[in-house]
Amino acid sequence: MKLRPTRNRDKKMKRLFAISLCVLALAACNQKPDTTTNEQNQRWPDFLRDWTADYNIDDPQRISLINLIDSVYCFFEDSTLHPEDYSQQVCLMVNRISDVIANDTLFEFTIMMRATAANFFGFALKDERFFQCNCSVDALVRIVEWQISTSEDAEDMTFTFMPASWRTPWHFANLGFIIGKDDQEPCCILMVTNYEDFLMDSIHISFLDSNYIVMYTLNEEDVYVDSTDAANGMKFLVLPCNYMMQAIQFSSSVVISYKTTQEWFVMRGVPIAGFDNQINDCPRLKATFDKVTSKGGRKAIKNDEILNNIGQPIRQVVHKTTGKVLDIDSTWYLDTVWSEKYGGYILDMKQL
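Residues numbered from 1 in each chain as written. Predicted model: local features only at pLDDT ≥ 70, side-chain atom pairs only at ≥ 80, totals over all residues. Heavy atoms only, no water.

It is worth spelling out the overall build of the protein at this point. Secondary structure summary: the protein contains ten helices and 15 strands in total. A total of 352 residues make up the protein; the buried ones form 47% of that total. Here the analysis covers contacts within the protein between residues at least 6 apart in sequence; of these, 65% occur between residues at least 24 apart. When the accessible area of the protein is evaluated, it comes to approximately 17,800 Å², of which 48% is carbon and sulfur surface. (Helix = DSSP H or I, 4+ residues; strand = E, 2+ residues; numbered from the N terminus. Buried < 20%, exposed > 50% of the residue type's maximum accessible area, 1.4 Å probe, protein only. Contact = heavy atoms within 4.5 Å. Areas by Shrake-Rupley, 256 points an atom, 1.4 Å probe, with all protein chains shown as cover.)

In C-alpha cells form, the structure reads like this:
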C-alpha cells in the first residue's frame, strides 16, 4: 500500500477513512468496459444496451428502463410525431431515471442513468417539441442531484462528477461526505477513476465562480491519498471536510482535473445546485455545515473585485503564504487566461 500522508495522520483519520472507503467501494467496478465505442456511429440506447451486456445486467426492471429510453429516443428521431403522443412517455422515463439515481443499489447503473439524463438533455435540446413536455427541465435536475443514504449507523451524501456522457463509463469522480454514529465530525472522500489508460497524476479540485474564474484549488499533493488501486484506475483522496463545505458553498461550479498519459482530463460539476436543500435530509451533516458556514469561512473572491481590476496596472503583490507585500513594476497588468489544466479562467499577470 502506497499512501501519501498529511502532516497530521492519526488513528481517527484512519478509522474515518476506512468507513468512507467501505461506502465508496460500491463504486469499484470489477469489470472494466470496452473503450472502443465511437459515439458518432452509435445511438445512445444501443450504447446502453452494449454496456449492460458487458456488465451482465439482465434483470427485467433495468432492461425495461433501457427499452423505455430507446422508445423516447425513437420519438425524437421521428420529426413527424406530435409531442402530445409522447409527452407521457418522456415524463415516465425522467421519473424512472430519477428513482434509479436516488434508490438503485447497483452503483454502476446509477452512474449510467446520470449519464443518460445528460445525454438526453443535450439530444432533446435541439428539438422544440421537448419543451412542450411538462418534465423537460427535470431531466437536467437529475444530473446535479446528490445521492443520500441515511441509517442508524451513518449519514452519507455523494455527488458524481461526469465528463461527456459517452466517456462516463471510463471517467467519473465521486465526492462523499460521511459521518458515523460515533463520530464527532464528518469526513470527506473523493474517489477518482480512469478506466481508459489508468493514469491519474496531479489531481486538482478547482472551485470556480460564475465567470469560470478559478478562485482556489486543492491539490492531490496536499492531502492524504490511497493509491492502492491506482494501477486499476482508482484513487481515493481524503479531503479537509470544513474546507470542502465552505468551498462548495461559495463556488458556482467545481472542476476535477488530472493528467493522463496523453492529456489533462477535466470534469465539471455543480454540487451546490442541490446541496443546500438535500443536506436537510442528513441532520448531523447539516449541523456541521451550519457550524462551518456560520463562521464565514474562506470567502470567495467577489466577481466585481476581479472584473474591476482586469486591465489595471498592478503595483503590489501579496505573497499568499507569508503575507509579505512586494512592490512591482507598474507595467504589469491583471488578466484572466483560460487554463486547460484547471478547466477555467485563472488570474494571471501580463507585462504589456
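In sheet architecture, strand pairing relies on hydrogen bonds along the backbone and comes in two forms, parallel and antiparallel. Taken together, the four strands give an open sheet; going across it, the order is β7-β6-β10-β11, and neighbouring strands pair in antiparallel fashion. Each of the sheet's edge strands pairs with one partner strand only, and the pair in question is β7 (214–219) and β11 (264–269). Direction aside, the axes of adjacent strands within the sheet are offset by 20° on average. In the sheet, strand β6 (residues 201–208) pairs with strand β10 (residues 253–259) via six bridges, with the strands oriented antiparallel. Its bridge partner being in β10, serine 206 is matched across the sheet by valine 255. Packing against the sheet, helix α7 (residues 241–250) makes contact with β6 and β7, and its axis sits at approximately 155° to β7. (Pairing = 2+ DSSP bridges. Axes fitted to C-alpha atoms, helices over the stretch in contact; angles between N-to-C directions.)

What follows deals with the pairing of strand β3 (residues 154–161). Of all eight residues in β3, seven are buried, a share of seventy percent or more. Summarising the sheet, strand β2 (residues 147–150) and β3 pair through four bridges and their orientation is antiparallel. Residue pairing in the sheet places isoleucine 148 in a bridge with methionine 157 of β3. As consecutive antiparallel partners, β2 and β3 are separated by three residues. Pairing analysis gives eight bridges linking β3 to strand β4 (residues 171–180), with the strands arranged antiparallel. Its bridge partner lying in β4, methionine 157 is registered against phenylalanine 177.

Looking now at the pairing of strand β15 (residues 344–351). Judged from the eight bridges that link them, strand β14 (residues 332–339) and β15 form a sheet pairing that is antiparallel. Of the residues in β15, the one forming a bridge with threonine 336 is leucine 347. The antiparallel hairpin formed by β14 and β15 contains four residues in its connecting segment, where glycine 343 sits at a positive phi of about 65°.

Okay, helix α3 (residues 60–77) next. The terminal C-alpha atoms of α3, which comprises 18 residues, lie 25 Å apart, in line with the 26 Å expected from a rise of 1.5 Å per residue. Of the residues making up α3, those classed as buried are Arg62, Leu65, Ile66, Leu68, Ile69, Asp70, Ser71, Val72, Tyr73, Phe75 and Phe76. Where α3 is buried, its residues contact α2 (44–54), α4 (87–103) and α5 (107–124). (Expected span 1.5 Å × (residues − 1).)

What follows concerns unusual backbone geometry. Peptide bonds are mostly trans, and most non-glycine residues show a negative phi. For phenylalanine 198, which is not a glycine, the phi torsion comes out positive at approximately 65°. Topologically, phenylalanine 198 is positioned in the loop between β5 (187–194) and β6. Since its relative accessible area comes to 34%, phenylalanine 198 is described here as partly exposed.

Attention now goes to α2. Among the residues making up α2, those that are buried are Trp44, Pro45, Phe47, Leu48, Trp51 and Thr52. Relative to the axis of α2, the buried residues are bounded by an arc of 155° and lie together on one face. Lining the buried residues of α2 we find α3 and α5. Of the residues trailing α2, asparagine 56 is marked for its positive phi of about 55°. (Arc of directions from axis to C-beta.)

Further remarks concern the environment of aspartate 290. Take aspartate 290: it is sitting in helix α9 (residues 283–294). A relative accessible area of 33% places aspartate 290 in the partly exposed class. A C-alpha to C-alpha distance of 9.5 Å links aspartate 290 and methionine 245, two positions 45 residues apart in sequence. Here lysine 286 takes part through its side chain, which lies 2.8 Å from a polar atom of the side chain of aspartate 290. (Polar contact = N/O pair within 3.5 Å; in protein donor to acceptor, adjacent residues only side chain to side chain.)

Inspection of the secondary structure assignment puts leucine 81 in the loop between α3 and α4. Owing to a relative accessible area of 30%, leucine 81 belongs among the partly exposed residues under this scheme. Considered as a pair, leucine 81 and arginine 129 are 48 residues apart in the sequence and their alpha carbons are 9.4 Å apart. Setting aside residues no more than four positions away along its own chain, leucine 81 makes contact with Phe75 and Arg129.

This part takes up the nonpolar core. Core analysis: the biggest nonpolar cluster contains 47 residues, and Met113 and Phe120 have the highest contact counts within it. If one sorts the elements of this core by residue count, α5 sits on top with ten residues. Core analysis: the next-biggest nonpolar cluster, separate from the first, contains 40 residues, Leu175, Cys241, Leu285 and Val292 among them. (Core = buried A, V, L, I, M, F, W, Y, C linked by side-chain atoms within 4.5 Å.)

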